[in-house]
Amino acid sequence: MVPDIPYDVFLQIFESCSDSKDVVSLGGVCAQWREFFDTRDVWAMLVSRFLDRRPSPRLHYVEISSYRDKDSVKNLYRRLKLSEMAWKVAGDYETKVEKLDLDPGCCAKTSILSPGGRFLIVFTNLIQAFCFDLDSRSPRPIAIIPAQIQTMSHYLPEGTDQTSDELAHEIQVEVSAPDIDSTAENLSFRAVVTYGARYHDSTAQVWQFDSVFDDATGQSSLTAFRLLSWAPGYGFLRCRSFLGNKLVLEAPYMDVGPGLPSGASKFLIFNWRKASENPSDFPLRTLFTYTSVELVQLLKVAS
C-alpha cells in the first residue's frame, strides 16, 4: 500500500531520476504513481531532457509552454523518440516506437525535425530528400526533393568516368536548423542545404517547406520548393546562421590572397532573397574572425 504523497513531492521524485527510463519505470509502480506520471509536467520534463541531449536530427527547439495540454506534450515526446529511432537499432526503449525505413544513403547529420515535430525530413548523399509523417501509423518515406546528383556533371574529375553512385560517396552534405515563417497560416519553414564533392566548390540552397491539407484524403503532407541555388566558387561551405532574409556561410577554404593570418575563420554574409532575384549581382560581405568570442558576436550581428 503506497501512502498518499503530495503532487509536488511526486514531481521532485521524477525530476531526481537521471535517466528517462527510470522516470517511466517509476510511473509503473502502481495506479497512483501511474496517475501522477501521466501528467503534462512530467511529459514536459521528458521533452526538455530529450531536446537538451541534442540527438542526431537537427531539432528546432519547441517552446514547451505552447503545448497547453498533457496529450499534446505526450505526442511531441513520441515524435521525438520516433525520429531518434530512425538512427538506432531497435532495443528496449521507454516508449514503444517503430524503426523507420531509411534509404541506405540517408545521413543522420542531414535530417531535420519540423517545428512541432510531425515531419522528419532526411537528405541523402544524392541530395535527395525523404519525408516521414511521424503521426502516421506506419511512417513511410515520401520523396519530396528529387535526387540532384545526376545533374552535377561539373563535379566529375577530368579524365574519369565516375557514376553518380560513386560520386555520391564523395559528397559532403550539411543542413541548417529550420527557420519558421511565423506569418503563415499553416506550418511553413525554410532550411539551408550545402553540398559539394570533396576538393570541389559547394552549392548552397534554400528550401521552403509547407504543410498542405488534402481535402480528398483528409490528410496533411509536406511539400518542398527551392528558393535559391548558389555556387559561388569559394570551396566548401557550411551554414552558420540562417534567420529571416540573412544567411551566414562559413567558407574555410576560400582564397582571399596574402595578408590574412593563418587561423582566421572566413564568412560570407548576404541577403538570400536578393541573391535569388539576381544571383550574379547582389551585396555580399566577407568577414573574418580569429576567436570563438568574435564568432559569437558576428553571428549575433548577422541575425
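Residues numbered from 1 in each chain as written. Predicted model: local features only at pLDDT ≥ 70, side-chain atom pairs only at ≥ 80, totals over all residues. Heavy atoms only, no water.

Points about the overall build of the chain
Stage number 1. Each helix and strand counted, the chain has 8 helices and 14 strands in total.
Stage number 2. Taken across its 303 residues, the chain has 44% of its residues classed as buried.
Stage number 3. Intrachain contacts of the chain at a sequence separation of at least 6 include 49% that bridge at least 24 residues.
Stage number 4. Accessible surface, the chain: about 16,200 Å² in total, of which carbon and sulfur atoms supply 49%. (Helix = DSSP H or I, 4+ residues; strand = E, 2+ residues; numbered from the N terminus. Buried < 20%, exposed > 50% of the residue type's maximum accessible area, 1.4 Å probe, protein only. Contact = heavy atoms within 4.5 Å. Areas by Shrake-Rupley, 256 points an atom, 1.4 Å probe, with all protein chains shown as cover.)

Quick notes on the packing of aromatic side chains
Stage number 1. Applying the stated criterion to the full structure yields 6 aromatic pairs.
Stage number 2. Between the aromatic rings of F189 and F209, the centroid separation amounts to 5.2 Å while the plane-to-plane angle is 20 degrees, which identifies the pairing as stacked. Separated by 20 residues along the polypeptide, F189 in strand β8 (residues 188–197) and F209 in strand β9 (residues 203–214) bring together distant segments of the chain.
Stage number 3. Taken together through their ring pairs, the aromatic side chains of W230, F270 and F282 make up a single cluster. (Phe/Tyr/Trp six-rings, centres within 6.5 Å; stacked < 30°, edge-to-face > 60°.)

Looking at the environment of F50
Stage number 1. Secondary-structure assignment places F50 in helix α4 (residues 40–52).
Stage number 2. Taking the C-alpha atoms as reference points, F50 and L80, 30 residues apart in sequence, are found 7.8 Å from one another.

Observations concerning the pairing of strand β11 (residues 238–243)
Stage number 1. Direction of pairing for β11 relative to strand β12 (residues 246–250): antiparallel, over a ladder of 5 bridges. Counted as the bridge partner of F242 is L247 from β12.
Stage number 2. A loop of 2 residues connects β11 with β12, the two strands running antiparallel in sequence, and G244 in this loop sits at a positive phi of about 65 degrees. (Pairing = 2+ DSSP bridges.)

Concerning unusual backbone geometry
Stage number 1. Non-glycine residue I127 carries a positive phi angle of around 60 degrees.
Stage number 2. Positionally, I127 belongs in the loop between β3 (119–124) and β4 (129–133).

Some words on the confidence of the model for the chain
Parts of the prediction with low pLDDT should not have their coordinates interpreted in detail.
Stage number 1. When pLDDT is averaged along the chain, the result is 76; 70% of the residues meet or exceed 70.
Stage number 2. Throughout residues 89–97 the model reports pLDDT below 50, and contacts reaching past four residues in sequence, or to other chains, amount to 19 contacts. (pLDDT = per-residue confidence, 0-100.)

A word on the environment of C106
Stage number 1. Relative to the helices and strands, C106 resides in strand β2 (residues 106–113).
Stage number 2. On a C-alpha basis, the gap between C106 and A129 in space is 8.6 Å, while along the polypeptide they are 23 residues apart.

As for the pattern of salt bridges
Stage number 1. Enumeration according to the criterion identifies 11 salt bridges in this entry.
Stage number 2. As a salt-bridge pair, K70 and D71 come within 3.7 Å of each other at their nearest N and O atoms.
Stage number 3. Exposure remark for K70: the relative accessible area of 26% places this residue in the partly exposed category.
Stage number 4. D135 is the partner of R118 in a salt bridge, and the nearest nitrogen-oxygen pair spans 4.0 Å. On the criterion of sequence distance, the pair formed by R118 in the loop between β2 and β3 and D135 in the loop between β4 and β5 (142–145) is long-range, its members being 17 residues apart.
Stage number 5. Taking the relative accessible area as the measure of exposure, D135 reaches 33% and is therefore partly exposed.
Stage number 6. Among the ionic contacts, a cluster of salt bridges with common partners joins R78, R79, R118, D133 and D135. (Salt bridge = Lys/Arg side-chain N within 4 Å of Asp/Glu carboxyl O.)

Looking at the pairing of strand β13 (residues 265–271)
Stage number 1. Taking burial as the measure, the 7 residues of β13 include 5 buried ones, the bulk of the element.
Stage number 2. Here β12 pairs with β13 via 5 bridges, running antiparallel. Each bridged residue has a counterpart across the sheet, and for E250 the counterpart in β13 is F267.

Things to note about the nonpolar core
Stage number 1. Within the largest apolar cluster, 31 residues are counted, with the highest numbers of intra-cluster contacts made by F14 and V23.
Stage number 2. Those elements giving two or more residues to this core turn out to be α1 (7–16), α3 (31–37), α4, α5 (70–85), β2, β3 and β4.
Stage number 3. The element that contributes the greatest number of residues to this core is α4, accounting for 8 residues.
Stage number 4. Formed by 20 residues, the second largest nonpolar core is a distinct cluster that contains I121, A129, I144 and V173. (Core = buried A, V, L, I, M, F, W, Y, C linked by side-chain atoms within 4.5 Å.)

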